[in-house]
Amino acid sequence: DKKGFRENKDNLYEKTDFVLVGDSFTMSICENVPFDLKSQLKKINKNQTFLNLGIHNVNYVKQLSVLINITENTKFKTLIWFFYEGNDYNDKISKFKSYNNLKSYQAYQLGNEKFNNLFPSKAKEINYFLEKKFQISLFYKFKVWLAEKVNGISSLIKYFKTYKILLDANDYNKALQISQKYLDKKNIKNRYIYYIPSWQRLTNYKSKRYGLYNNNPQIKQLNNLKNTVKEISELNGFTFVDGEEIFINRPNPLNVFHYELNTHFNRLGYKLLAEDVFNKIVKKLN
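These figures come from a predicted structure and were not determined experimentally.

*Asks:* Help me understand helix 2 (residues 37–44) in this model?
*Replies:* Residues spaced three or four apart along an α-helix face the same direction, because each turn holds 3.6 residues. If you check which residues of helix 2 are buried, you get Leu37, Lys38, Ser39, Gln40 and Leu41. Residues of helix 2 that are buried in the fold lie against strand 1 (18–21), helix 1 (24–27), strand 2 (50–52), strand 3 (78–84) and helix 13 (267–285).

Listed below in structure tokens is the structure:
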């Protein structure tokens, strides 16, 4: 669109009902209209308008900058700020001022073309072809069998690893304090943080059958992250919405991702996300 975001009509930058902020899952990368998040929301609720400011490769500090800079002159009623559990914690509030004069999507990106111009020798070194022949060994077949049964050897390894704290709580609190002042100034009372569960979390769904899910150290790490986001969100005037249940309770939660791998949602994933957002947020505001 005119600011480089995804397919927003010009008038939505002046006035809209909902502003959506987040990373590539909000942007709905890997799916076209009408299967992206915004299109799915519009399909369910035709009477509301949505300005989608999701961008790939940005975390919560850049997302904060997007919110403040892009919606400076936008009238809106509700903010839905998506937090993707997989990587949205990787940022530092100290970078916020350096982002604070960016007025369009392009300004937040270091695209491939710019990378190639800056580092032409590196660009030429990239080899996109797989030349090594892959031999299917008995050990590999054994790992596939384990993966089918209990998520494989990696599930066992998780119980012996030490997982670090992912989010700098103090930094995240400062970011939401800045957003709170901004939203107060614009008199935006409907403020939501929607927490999208990660592929890493959902790969552990089989362990629920054996009562091992909540004892998994990786799940404990991710629950710590979620609880921190929830606590800080509510401390700063946001309503926290947990999106885990709609995905983890499916017979196969991984089929919402392309190839069931650590990629992005497919059209089913965005459909389920849109339905959950509608039921837990949009519907309650109507």
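*Asks:* I keep staring at the packing of aromatic side chains and nothing clicks. Help me out?
*Replies:* The geometry of an aromatic ring pair comes down to the distance between the two centres and the angle between the two planes. The tally for this structure, following the rule as stated, stands at twelve aromatic pairs. Here the aromatic rings of Trp81 and Phe238 are separated by 6.2 Å at their centres, their planes lie at 65 degrees, and the arrangement is edge-to-face. Here Trp81, found in strand 3, pairs with Phe238, found in the loop between helix 11 (217–235) and strand 5 (239–242); they are 157 residues apart in sequence, far enough to count as distant. An aromatic cluster of at least three residues, connected via ring pairs, comprises Phe25, Tyr84, Phe247, Phe257, Phe265 and Tyr270. Of note, Lys3 hangs over the ring of Tyr13, and the distance from its end group to the ring centre comes to 5.7 Å. Directly above the ring of Phe35 sits Arg267, whose terminal nitrogen or CZ lies 3.6 Å from the centroid.

*Asks:* Help me understand unusual backbone geometry in this model?
*Replies:* Apart from glycine, the bulk of residues carry a negative phi angle, and the bulk of peptide bonds sit in the trans form. Between Val33 and the following residue, Pro34, the backbone shows a cis peptide bond with an omega angle of 10 degrees. Mapped onto the elements of the fold, Pro34 is located in the loop between helix 1 and helix 2. One non-glycine residue, Glu7, lies in the positive phi region at around 55 degrees. Turning to its location among the elements, Glu7 is positioned in the segment before strand 1. Residues other than glycine seldom take positive phi values, yet Ser28 does so here, at roughly 65 degrees.

*Asks:* What am I meant to see in the nonpolar core here?
*Replies:* Nonpolar side chains in soluble globular proteins generally cluster together in the buried interior. Counting 40 residues, the largest nonpolar core has Leu53, Leu79, Tyr172 and Val229 as the members making the most contacts within it. Put simply, the parts of the chain that give this core at least two residues each are strand 1, helix 3 (60–70), strand 3, helix 4 (96–99), helix 9 (169–185), strand 4 (190–196) and helix 11. Of all the elements, helix 3 adds the most residues to this core, at seven residues. Not counting residues up to four positions away in its chain, the partners in contact with Leu53 are Phe5, Tyr13, Val19, Leu20, Val21, Gly22, Val66, Ile70 and Thr71.

Rules behind the numbers
- Residues numbered from 1 in each chain as written.
- Predicted model: local features only at pLDDT ≥ 70, side-chain atom pairs only at ≥ 80, totals over all residues.
- Heavy atoms only, no water.
- Buried < 20%, exposed > 50% of the residue type's maximum accessible area, 1.4 Å probe, protein only.
- Helix = DSSP H or I, 4+ residues; strand = E, 2+ residues; numbered from the N terminus.
- Contact = heavy atoms within 4.5 Å.
- Phe/Tyr/Trp six-rings, centres within 6.5 Å; stacked < 30°, edge-to-face > 60°.
- Lys NZ or Arg CZ within 6 Å of the ring centre and 35° of its normal.
- Core = buried A, V, L, I, M, F, W, Y, C linked by side-chain atoms within 4.5 Å.

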